[in-house]
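# Coordinate inspection notes
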Amino acid sequence: MRLTLTRLALAITSMVALAFLVPLAILTRQIAHERAVGDARQQATAIVVALAVDTDPALLDQAVASTAAGSDGRLAVHLPELDAIGSPRAATADVDAASRSRRPSIVEYDGGLAYLQPSVLDGGRTAVVEVFVPDDQIYRGVWPAWLALAGLAVVLVAGSTLVADRLGARLVRATRELAAGARRLGDGDLSVRVEPAGPPELSDAARSFNTMADNMRQLIDNERELAADLSHRLRTPLTALRLDAEALPRGAVADRMAQAFDLLDDELEAIITGARLSSGTRASHSTDLVEVLADRLAFWSVLAEDQGRPTTVVGGERPVPVRLPRGELILAIDALLGNVFAHTPEGTAFLVGVSPEGLVVDDAGPGIADPAAAVRRGVSGSGSTGLGLDIAQRIAQSAGGRLEIGRGRLGGARVAMLLPPGPATVPPA
């Protein structure tokens with residue numbers, strides 16, 4: 001855009017400069033020509049006055065020599081039936097034609113022009129005064145004037161192009177900032193705002209962009225608050241189930257159900273807290289992936305033990321902070337682990353690996369034939385709605401990561417949730 005504006009300014013200014021300077025150059029040449037002819041006319045008039053006083057050749061020769069043109073050998077007096085006095089250069093035919101017409105005339109020759117001024121003498125005779133003007137006298141000062149005009153044109157074109165480039169740079173800078181803000185908003189950064197700058201139209205577009213970003217952020221916060229309210233409503237049936245479980249006779253089953261209700265209550269509270277985080281605070285929120293994974297493995301280990309599933313955990317020696325609220329991280333981990341239990345037979349082994357790059361879950365099951373369908377809302381096979389891995393993918397993308405599905409080291413499915421690192425300090429959940 002900047003280059004286009006510069007070229008446009010260059011083209012327009014050049015055309016305007018040519019439209020004015022070409023006629024000025026022609027006019028300058030014409031003025032110089034008329035000035036030279038006027039000077040020749042004045043000198044010829046002086047000789048005509050001398051002819052009116054006396055036609056003596058000796059006196060006329062002195063009069064010719066006293067003029068500037070005569071001293072330069074450019075003036076002559078053609079008397080009838082006598083030789084020319086001075087330095088004649090005009091052709092005899094042209095002199096005779098001027099004598100007969102008795103009107104001043106200008107005759108062009110190679111190297112200059114001759115101004116012929118007839119003068120009527122006594123007895124009806126006609127003398128002709130000739131003043132020759134060479135080319136260097138005709139166009140004296142024309143080249144310096146043309147150079148000055150050309151310099152002025154260059155300055156005008158360069159100045160206008162520079163101004164257009166500066167204006168274009170301001171316009172392009174504002175446009176790039178607006179485009180960069182739109183890209184960041186498209187990548188999920190709801191905190192991005194654009195400083196209004198540039199022409200009024202771009203400033204208005206920037207303000208509209210900021211209003212749109214504010215509205216989007218408010219809508220998402222409202223939806224999160226609604227999700228938190230819905231999750232909160234689950235406490236009523238959960239409390240009823242807890243009371244029923246407490247009414248059971250004491251034993252291993254009752255203890256396990258009570259422990260499950262406690263875990264479910266804690267995780268429901270974490271989900272509600274995470275859902276109510278505003279979009280502004282979520283960007284700086286960080287959770288330890290290792291710590292949350294340990295809690296979820298403790299929850300799923302009971303079911304894994306009942307189903308006889310060998311479980312291997314790799315990594316987790318150091319904290320791995322990620323930019324996700326605890327509640328969303330729990331949902332993502334449960335989606336990955338729940339996928340193993342839902343789509344592989346009992347007794348199938350699985351491996352969980354955690355590293356600074358994220359979380360990987362491998363299993364020894366049949367694998368996932370269509371990875372794209374596994375993360376698509378709707379039926380993905382085996383009666384599943386496909387929302388489990390879809391939720392994990394959405395959560396990973398919201399943190400700037402991605403979900404990869406392929407063949408794992410155990411021969412079955414490999415689901416990797418790759419997440420960018422979060423802040424070094426993990427705030428308490």
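Fair warning: this is a prediction, and the values are worked out from it, not measured in the lab. (Residues numbered from 1 in each chain as written. Predicted model: local features only at pLDDT ≥ 70, side-chain atom pairs only at ≥ 80, totals over all residues. Heavy atoms only, no water.)

## A word on a negative patch on the surface
Together, Glu 108, Asp 110, Asp 135 and Asp 136 line one region of the surface with negative charge. Looking at where Asp 110 falls in the secondary structure, it is placed in the loop between β3 (105-109) and β4 (112-120). (Patch = residues over 30% accessible without salt bridge, like charges linked within 9 Å, V, L, I, M, F, W, Y side chains within 5 Å. Areas by Shrake-Rupley, 256 points an atom, 1.4 Å probe, with all protein chains shown as cover. Salt bridge = Lys/Arg side-chain N within 4 Å of Asp/Glu carboxyl O. Lys, Arg positive; Asp, Glu negative; His and termini not counted. Charge placed at Lys NZ, Arg CZ, Asp CG, Glu CD. Helix = DSSP H or I, 4+ residues; strand = E, 2+ residues; numbered from the N terminus.)

## Description of the sheet that holds β4
Read across the sheet, five strands follow the order β2-β1-β5-β4-β3 without closing on themselves; strand pairing throughout is antiparallel. At either margin of the open sheet sits one strand with a lone partner, and together these are β2 (85-86) and β3. In this sheet, strand β5 (residues 126-134) lies alongside strand β1 (residues 75-78) in antiparallel orientation, the contact comprising four bridges. Note on β5: the bridge partner recorded for Val 77 is Val 129. Its contacts with the sheet put helix α4 (residues 92-101) on β1, β3, β4 and β5, and the angle it makes with β4 is roughly 40°. (Pairing = 2+ DSSP bridges. Contact = heavy atoms within 4.5 Å. Axes fitted to C-alpha atoms, helices over the stretch in contact; angles between N-to-C directions.)

## Quick look at the packing of helix α11 (residues 289-307) against helix α12 (residues 326-343)
A packed helix pair is summarised by two numbers, namely the angle formed by the two axes and the spacing between the axes. It is the contact of α11 with α12, at a shortest axis distance of 10 Å, that shows an interaxial angle of 30°. Here α11 is positioned roughly parallel relative to α12, judged by the angle of their axes. Considering how the two elements wind past one another, α11 and α12 form a crossing that is right-handed. Contacts from Leu 289, Glu 291, Val 292, Leu 293, Asp 295, Arg 296, Leu 297, Trp 300, Leu 303, Ala 304 and Gln 307 in α11 reach Arg 326, Leu 329, Ile 330, Ile 333, Asp 334, Leu 337, Gly 338 and Phe 341 in α12. Here the contact of α11 with α12 is composed, by residue class, of 12 nonpolar, two polar and five charged. (Parallel < 35°, antiparallel > 145°, perpendicular 65-115°, else oblique. Left-handed = near helix turned anticlockwise from the far one by under 90°. Nonpolar A, V, L, I, M, F, W, Y, C, P; charged D, E, K, R; others polar.)

## Points about the UniProt feature "transmembrane region" (unreviewed entry) in the protein chain
Under the local residue numbering, the UniProt record ascribes the feature "transmembrane region" (unreviewed entry) to residues 143-164. Annotation note: span residues 143-164, helix share 100%, strand share 0%, distance between end C-alpha atoms 31 Å. (UniProt positions renumbered as here; feature names shortened; annotations may be inferred.)

## A word on the sheet that holds strand β11 (residues 402-407)
Ordered in space as β7-β9-β10-β12-β11, the five strands form an open sheet in which the pairing is mixed. The open sheet has two edge strands with one neighbour each: β7 (311-315) and β11. Shown here is a sheet whose adjacent strand axes are inclined to one another by a mean of 15°, direction ignored. Pairing of β7 with strand β9 (residues 350-355), which is carried by five bridges, proceeds in the parallel orientation. Each bridged residue has a counterpart across the sheet, and for Gly 315 the counterpart in β9 is Val 354. Here α11 sits on the sheet and contacts β7, β9 and β10 (358-363); the angle it forms with β9, its principal contact strand, is near 170°.

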